[in-house]
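The residues making up each chain are set out below.
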Amino acid sequence: MALKALDRKLFRDLLRMQGQVLAIVLIVTCGMANLITMMSTHGSLQLTQDTYYDQYRFADVFVQLKRAPKSLTARFEQIPGVGVVQTRVVQDVTLSVEGLAEPATGRLISIPEHPTPMLNDLFIRKGRYPERGDEVLASEVFAEANHLELNDTVGAILNGRWQTLRIVGVALSPEYIYEIRGTEIVPDNQRFGILWMQQEALATAFDMDGAFNDVSLRLMPGASEAEVIFQLDQQLETYGGLGAFGREDQISHTFISDEIRQLSAHAVFVPSIFLGIAAFLLNLLLSRLVSTQRDQIAVMKAFGYDNFMVGLHYLKLVLIVVLLGVVLGSGLGWWMGQGMTRLYADFYHFPVLQYEVRPSVLVTALLVSGGAAILGAFLAVQRAVSLPPAEAMRPEPPATYRPTLVEKLGLQRWFSAPSRIILRNLERRPVQGLLSVVGIAVAIAILVLGRFFTDAMDALVDIQFRTIQREDITLVFNNPLSSRAQFDLYSLPGVLRAEPFRTVPARLRFGHYQKLSGINGVEPGSELRRLLDREQRPVTLPPEGVVLSTKLADILQAHLGDQITVEVLEGERPTRTVPVTGIFDELVGISAYMDIHALNRLMREGFTLSGAYLQVDEHEQQQLYAELKQTPAVASVAMRQTTIDQFNDILTRSMAGFTMVLVGFASVIAFGVVYNAARIALSERERELATLRIIGFTKGEIAFILLGEQAVLLTLSIPIGFALGFGMAALMTEIYDWELFRFPLVITPATYAFAFVVIMAAALASGLLIRRQLNRLDLIAVLKTRE
C-alpha cells in the first residue's frame, strides 16, 4: 500500500512536469534510434557479408598477370597455406549496348564449361548457366542500369574481332558486391559491367588456350597471407605478374569493409552526444524536483520510508523516462534501419540483404541509455537520500546576493533593471548556465556536421572533376603504344586536344614499407589533367624524380629527398631507385607522379603512352563514341561528366535523408535544452516573478527577464557551436581518410546560416511555450508558497 502511494505521487509529478519529461524522452529517443539504427545495420551488413563470403567462397589472395600456362596451378597448390587455387582469363573489352550512345566497358571473366563449385562463385538471380561460346551471364546491376533482359545481346570487341554476346542469365559474385572499376571512386553501372563467359570460348578469343592471366587463392586457417603473396609473386615474376594482394586491398571488399567500420564508429559517437545531454537534463530536472520537494521528502522519512525507498522513488522517474525513450527509439531505430538497409542495397549487391534487430542490440541500447540516465541522476538522488528529515522541513537557505561584475565595474547605469536581474542570475549559476550553453552548442555543431558532408562532397567534385580533371574523355589503351598514337587521336571525330599519359604498374618500397601502386607519367604543364594540392596550388613535376601524394608518402613513411625503390611490374620488370622530389596533398587516390619523359627514360623506352586525356567538340561526341566502339586498341572510355552525374546522384539519394535526420535530431536537442532550462528557471523563480508582477512589472517585462536569460545563453552558444561543428568536421576528415578518397575540410557560409536558422526556430518554439505558461501564472497561488 505504501509503495502504491509513492507511485501515485510519481504519476502526479510526471503529469506536472510533462513538458520537460517529454523533451527529455525525445532526446533519449533520438539517441536510442541512432544507436539501434547503426548497431543493427552494422550487424546486418556484417552478417550478410560474412555469410555471402563463406557460402560463395570469396578468395583471400588475388593476382593479375600477362600470361602463364595452366601447368603452373600445381605449383601454386604446393605453396604452404594455400587451400584452393582457381585460374581464370579476365579481359576488359569495349561494349556496344543498345540504347547507350557511349561505349561501355565489359569485364569478361571465364567460368567452367559446366556449373561447379569455385572461388568467387556465382549466384544466378534469373536465367541459366551459359551453354554456348557466345552466351554470357551479366552482372545484375549492369543489366538493370541498361534495361537488359534475358536473350538481349551486346556487341563486344574481343581481341580485335567483333562478336555478339547473348545474355542468358543475370548473376552476382562476392568479388563485385560494389561493382566499380579500379580507376574510379564512384560506380558507373551503365557503362561498366561484369560478364561471365565459358572458359574455352574466352580463352580461344584472346589466344589464351591452355593459359590464364588471373589467379585467386583461398588460404587455410592460420596461413600467413604475406608469405603466400611473396611466394606467389616469386613464381609469377617471369610471367608478367602485376603483384599479388590480399582481400584487404580488393576494391569491392575495401569499400564495404570501410562502410562497416564507419557504422561501428557512428554507433558510438552520435548516441553518446544525445545520451550525455539527456543525462545532463535529467540531473537538472531531478535536482530541481528534490529542491522543491524538501518538505515532502521530510514527511516521507517521518512516516517511515527509508533511504532506499526514497531513492528508488526518484530513480523510478528516471527509469520511466529511459523506458519511454527506449520504446520509442526502438521503433524509430527499426524504421530508420530498414531505410538505411534499403539504401545500402542500392550500392552493395548481395543475393539477400536481410535487415534484423538482434535482441542483443536492444539489450545493449537499454543498458547504455539506462546507465547514462542513472549516472546523470545519481547526484540528485543522493541528495534526496542523504537529506535529514529535520533539515528537509526547513526551506533552502536564501541565495547570497552580492554585487555583480557589471555593478563592480560601475556599468549598471547602462542596463535596465530587468537586464541587471538577468546578468545577476547568470552570475549566480555559472555551472548551470555553462552546461546549457554546451548543450545548445552541441545541437548547433550537429547541424553544421550534417551539412558538412554535402559541402565536402560538392567541394570534392568541384576540385577533382572541374579544376583538376578538365578533360572530357579519358582513353585507356589495351597495351602501351608509341608516340604515333598521340597523332592518330587527332584523326578521331571532334578531338580538339589530346594529352598523353603513361601508367606503369609497380611496387613501391621504402625501408620495410611497401605499396602495390603505380607511377603516372603526365606532360609537365598539362592543361587537361592538372596537378593541384588541397589548396589548389599547382604542383610542378621536376625533370627527374617522383612526386608522391601525402597519403602514399604516409603509407611508405617516405619524406622529401628519400630514395624509394620502384619494382616495375611490366615489360622487362626493372627495379630502379628514384628520389622523392615532391609531396603534395590530393583528395583522390594514392598516386605517384613523374614527368612522362622521365618515366619513359626510367623504363628505357621511347616516347610511349598508355592512354590520353581528350578535349572534344560536344557537337561531334556521338560520332566519336561510335568510332571508339569500333576501335580495338581502346580498352576503356571514361567520361568526366558521367562521373560528376554519378556523384550528384549519390548525394541526392544518401545525403538528403542523412541531413534531414540530423536536422530533426539537432532540433530536438536544441528545443529540449532551451525549454528545460527555461522551464526550470520558471519553477525556481515563480515567486520572484509573481512579486515583480505585483509591484508593477508587466507580463512582457517578466517574460524578458526569463527568456532574456535564455537568449543570452543562446547567443553565447552560437559561436561555440560553430567552432565545435568545425572541430567535428575536422575529426570526420580524419575518420574518412581513405586510400580511395579524402574529404576536404570545407564548410560553406550557407551551412552556418542553416544551423543558425534552425537553432533560432527551435529556441523560438520553446520560448513561445514558456511565454504561454508565464501568461497563465497564478499570482495568488504562487505567493502562498512558503518561504
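See the structure shown above.
Source: prediction; values computed, not measured.

Draft legend 1. Structural detail: the packing of helix α7 (residues 251-292) against helix α21 (residues 699-735). Following both chains from N to C, one finds α7 and α21 inclined at 170 degrees, their axes separated by 14 Å at the closest point. One element, α7, and the other, α21, form an angle in the roughly antiparallel class. Residues His266, Phe269 and Ile273 of α7 form the contact with α21, whose participating residues are Met728, Leu731 and Met732. Across the contact of α7 with α21, the residue classes tally to 5 nonpolar, 1 polar and no charged.

Draft legend 2. View of the packing of aromatic side chains. Applying the stated criterion across every chain yields a total of 16 aromatic pairs. Centre to centre, the rings of Tyr52 and Tyr56 are 5.2 Å apart; their planes meet at 65 degrees, and the pair counts as edge-to-face. A residue is classified by how much of its surface remains accessible, and Tyr52, at 3% relative accessible area, is buried. Relative to Phe245, the ring of Phe62 has its centre 5.8 Å away and its plane inclined at 20 degrees; by these criteria the two rings are stacked. Of this pair, Phe62 sits in strand β1 (residues 61-69) while Phe245 is found in strand β11 (residues 245-246), placing the two residues 183 residues apart along the sequence.

Draft legend 3. Highlighting helix α20 (residues 686-694). Residues of α20 that are buried include every one of Leu689, Ala690 and Leu692, and no others. Along the axis of α20, the buried positions cluster into a sector of 160 degrees, meaning they face one direction only. Just past α20, the residue Gly696 takes up positive phi, approximately 120 degrees.

Draft legend 4. Looking closely at helix α2 (residues 18-55). Here α2 contains 38 residues, and its C-alpha end-to-end distance of 53 Å stays within 8% of the 56 Å for a straight helix at 1.5 Å per residue. At the C-terminal side of α2, Arg57 shows a positive phi close to 55 degrees.

Draft legend 5. A look at the pairing of strand β13 (residues 495-510). Alignment of β13 against strand β19 (residues 608-616), held across 6 bridges, turns out to be antiparallel. Paired with Pro500 across the strands is Ala612, a residue of β19. Sheet topology places β13 next to strand β14 (residues 513-522); 10 bridges connect them, and they run antiparallel. Looking at β14, one finds that Leu508 is bridged to Lys515. Linkage of β13 to β14, two consecutive antiparallel strands, is achieved through a turn of 2 residues, within which Gly511 is found at a positive phi near 65 degrees. Strand direction decides the pairing type here: β13 and strand β16 (residues 563-568), joined by 4 bridges, are antiparallel. Looking at the pairing, Leu508 lines up with Val566 of β16.

Draft legend 6. Representation of the sheet that holds strand β10 (residues 211-219) in the model. The 4 strands are arranged β2-β10-β1-β11 in an open sheet whose pairing can be described as antiparallel. Since the sheet does not close on itself, it has two edges, and those belong to β2 (82-88) and β11, each with one partner. Bridge count for β1 against β10 is 6 bridges, and the pairing is antiparallel. Residue pairing across strands places Gln64 opposite Asp214, the latter belonging to β10. Taken strand by strand, helix α6 (residues 225-236) contacts β1, β2, β10 and β11, and its axis lies near 15 degrees from that of β1.

Draft legend 7. The pattern of salt bridges, seen in detail. Applying the stated rule across the entire model yields 31 salt bridges. For Arg358, the salt bridge goes to Glu356, with nearest N and O atoms at 3.6 Å. The class of Arg358 is partly exposed, set by a relative accessible area of 35%. Its salt-bridge partner being Arg509, residue Glu567 comes within 2.5 Å of it at the nearest N-O pair. Highlighted residues: Glu567 in strand β16 and Arg509 in strand β13, separated in sequence by 58 residues. We classify Arg509 as partly exposed; its relative accessible area is 28%. Each of Asp233, Arg507, Arg509 and Glu567 takes part in one network of salt bridges that share partners.

Calculation notes
Within each chain, residues carry numbers counting from 1 in the order of the written sequence. Totals for whole chains, interfaces and linings use all residues, but because this is a predicted model, local features are given only for residues with pLDDT of at least 70 and pairs of side-chain atoms are given and counted only at 80 or more. Side-chain measures here rest on the full set of heavy atoms in the structure, leaving out hydrogens and waters. Inter-axis angles, ranging from 0 to 180 degrees, are taken between N-to-C directions of lines fitted to C-alpha atoms, where helices are fitted over the stretch in contact. Helical segments are the DSSP runs of H or I of at least four residues, strand segments are the runs of E of at least two, and each set is numbered from the N terminus. Reported orientations rely on four angle classes, namely roughly parallel under 35 degrees, roughly antiparallel over 145, roughly perpendicular from 65 to 115, and oblique for the rest. We call two residues in contact whenever any of their non-hydrogen atoms come within 4.5 Å of each other. Polar here means any residue other than Ala, Val, Leu, Ile, Met, Phe, Trp, Tyr, Cys and Pro, which are nonpolar, and Asp, Glu, Lys and Arg, which are charged; Gly is therefore polar. Think of it this way: a Phe, Tyr or Trp ring, Trp meaning its six-membered ring, pairs with another when their centres are within 6.5 Å, and the plane angle makes it stacked under 30 degrees, edge-to-face over 60, tilted otherwise. Only protein chains enter the calculation, and the probe is 1.4 Å; a residue is then buried if its accessible area is under 20% of its type maximum, exposed if over 50%, and partly exposed in between. This arc corresponds to the set of directions leading from the helix axis out to the C-beta atoms. Multiplying 1.5 Å by the residue count of a helix minus one yields the expected span of that helix. One requirement defines pairing of two strands: DSSP has to find at least two bridges between them. For this analysis, a salt bridge means a side-chain nitrogen from Lys or Arg found within 4 Å of a carboxyl oxygen belonging to Asp or Glu.

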